There are 2 protein chains.
Amino acid sequence: MSMQQRNPMPLLRRGELATSVGCNLETVRYYEGIGLLPHPPRSQGRHRLYDADLVKRLRFILRGRELGFSIEEIRALLAIADGAGGCADVYALTTQHLDVVKRKIADLRKLQRILSETAAHCARDASPDCPIIEAMSAPPRAPQRRH
Amino acid sequence: MSMQQRNPMPLLRRGELATSVGCNLETVRYYEGIGLLPHPPRSQGRHRLYDADLVKRLRFILRGRELGFSIEEIRALLAIADGAGGCADVYALTTQHLDVVKRKIADLRKLQRILSETAAHCARDASPDCPIIEAMSAPPRAPQRRH
DNA sequence: GCTACAATCTGTAGAGACTACAGGATCAAG
DNA sequence: CTTGATCCTGTAGTCTCTACAGATTGTAGC
């Protein structure tokens, strides 16, 4: 008796994959083109067929993008996950990303506070003089960093 | 006695402005072109001259971009800050973006935890089998949202 | 098996937000 | 007043997708 399931997930086509992960149809082909997704197996008529691993990989990419990682950063993370490079690399890259993530969280928290205060203020009185520009245009105290 | 300072900030040129806020030289012109920054006064020789208000406005735009606002969202925020539209608009826009910001913070916190755990794990043993893909490729429980 | 319509194929073009370059004018330090 | 840095304008390129066009394939119903 084979260990393989009778229904091991029926191999998705490109449209099904896109729908199931919630991205645009063409994005899948784009990621394949730039080498983030491997060339998948094809049907007789050259239609791409995706298995569960590819679904997982695509979800990882999309999630990373949503969280503000660049394509190249994701490429690096994937390379690590694919086993290229040892634990030292993993440690370096993850802690490095961790710093970026921490900074973003701090920035967003600050923005959250500003937005809450602005909303509260604006809900109360009718002044057209909103504090948002003042609050958000403060010069950063840390050295400039551009992505 | 005038309230104006004798040295009210010496009017920056484009390069000085860009350096002082930490953005690219051409970005300033780009924002002027799409109407986020007003046409500044010029010198006799048509060189742009920026005062403190413009610096503040540009910093606001850049900060907004860093935090994930689109150009059009920033345009709306600036319009509000410029006094076009009432407090109802401010309230709507800010609370709306507050939701986005909250979700981003939550996502980033989760990623932070994953990255910390990965780093800790990888620092200890030499296994090339890192948990990062598994952790980050989990299907989202919330309905899909693409920007 | 045949028909019809959806889905996929390829290549290319467009959008959004910048960023770089070329050829010339201007500014300011010496 | 010279000279090298900075700025001018316009245009073209980059990055990350997204859309379209025309041809091919997949599949459900007859």
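Quick notes on the rules
- Residues numbered from 1 in each chain as written.
- Chains lettered and ligands numbered in written order.
- Predicted model: local features only at pLDDT ≥ 70, side-chain atom pairs only at ≥ 80, totals over all residues.
- Heavy atoms only, no water.
- Near = heavy atom within 4 Å.
- Polar contact = N/O pair within 3.5 Å; in protein donor to acceptor, adjacent residues only side chain to side chain.
- Helix = DSSP H or I, 4+ residues; strand = E, 2+ residues; numbered from the N terminus.
- Nonpolar A, V, L, I, M, F, W, Y, C, P; charged D, E, K, R; others polar.
- Phe/Tyr/Trp six-rings, centres within 6.5 Å; stacked < 30°, edge-to-face > 60°.
- Core = buried A, V, L, I, M, F, W, Y, C linked by side-chain atoms within 4.5 Å.
- Buried < 20%, exposed > 50% of the residue type's maximum accessible area, 1.4 Å probe, protein only.
- Contact = heavy atoms within 4.5 Å.
- Salt bridge = Lys/Arg side-chain N within 4 Å of Asp/Glu carboxyl O.

J.: Explain the protein's contact with DNA strand C residue by residue, including any values.
T.: Taken together, 22 residues are adjacent to DNA strand C, and Arg14(A), Arg29(A), Arg48(A), Gly45(B) and Arg65(B) come closest. The share of sugar and phosphate among atoms of DNA strand C within 4 Å of the protein is 77%. Here Arg29(A) contributes a side-chain N or O atom positioned 2.6 Å from a base oxygen of DNA strand C. Within the side chain of Thr27(B), a nitrogen or oxygen atom sits 3.1 Å from a phosphate oxygen of DNA strand C. In terms of residue count, the dominant contributor to the surface near DNA strand C is helix α2 (residues 25-33) of chain B (5 residues). Partitioning the surface near DNA strand C into residue classes produces 3 nonpolar, 9 polar and 10 charged.

J.: Run through the packing of aromatic side chains, naming residues and quoting values.
T.: The relative placement of two aromatic rings is captured by the distance of their centres and the angle of their planes. Counted under the stated rule, the structure contains 2 aromatic pairs over all chains. A ring pair is formed by Tyr30(A) and Tyr31(A), whose centres lie 5.8 Å apart and whose planes are at 45°; its orientation type is tilted.

J.: Let's hear about the nonpolar core: which residues, and what values?
T.: Here is a general trend for soluble globular proteins: nonpolar side chains tend to be buried in one another's company. In terms of nonpolar packing, the biggest core is built from 56 residues, with Leu58(A) and Leu58(B) touching the most fellow members. When near neighbours in sequence (up to four residues on either side) are disregarded, Leu58(A) contacts Leu17(A), Val21(A), Cys23(A), Val28(A), Tyr31(A) and Leu37(A).

J.: Describe the protein's contact with DNA strand D, naming the residues involved and giving the relevant values.
T.: Neighbouring DNA strand D are 22 residues; Thr27(A), Gly45(A), Arg65(A), Arg14(B) and Arg48(B) lie closest to it. Among the atoms of DNA strand D lying within 4 Å of the protein, the sugar-phosphate backbone contributes 76%. Contact distances for DNA strand D include 2.7 Å between a phosphate oxygen and a side-chain N or O atom of Thr27(A). With 5 residues, the single largest contributor to the surface near DNA strand D is helix α2 (residues 25-33) of chain A. The residue makeup of the surface near DNA strand D, split by class, is 3 nonpolar, 8 polar and 11 charged.

J.: Summarise the pattern of salt bridges; cite the residues concerned and give the values.
T.: With the rule as written, the count across this model stands at 9 salt bridges over all chains. The salt bridge partner of Glu26(B) is Arg29(B), with a shortest N-O separation of 3.2 Å. Of this pair, Glu26(B) and Arg29(B) both sit in helix α2, 3 residues apart, which is roughly one turn of that helix. Across the pair Arg48(B) and Glu32(B) runs a salt bridge, and its minimum N-O distance is 2.7 Å. Placement of the pair is Arg48(B) in the loop between α2 and α3 (52-66) and Glu32(B) in helix α2, with a sequence separation of 16 residues. In this structure, a network of salt bridges that share partners links the residues Arg14(A), Glu26(A) and Arg29(A).

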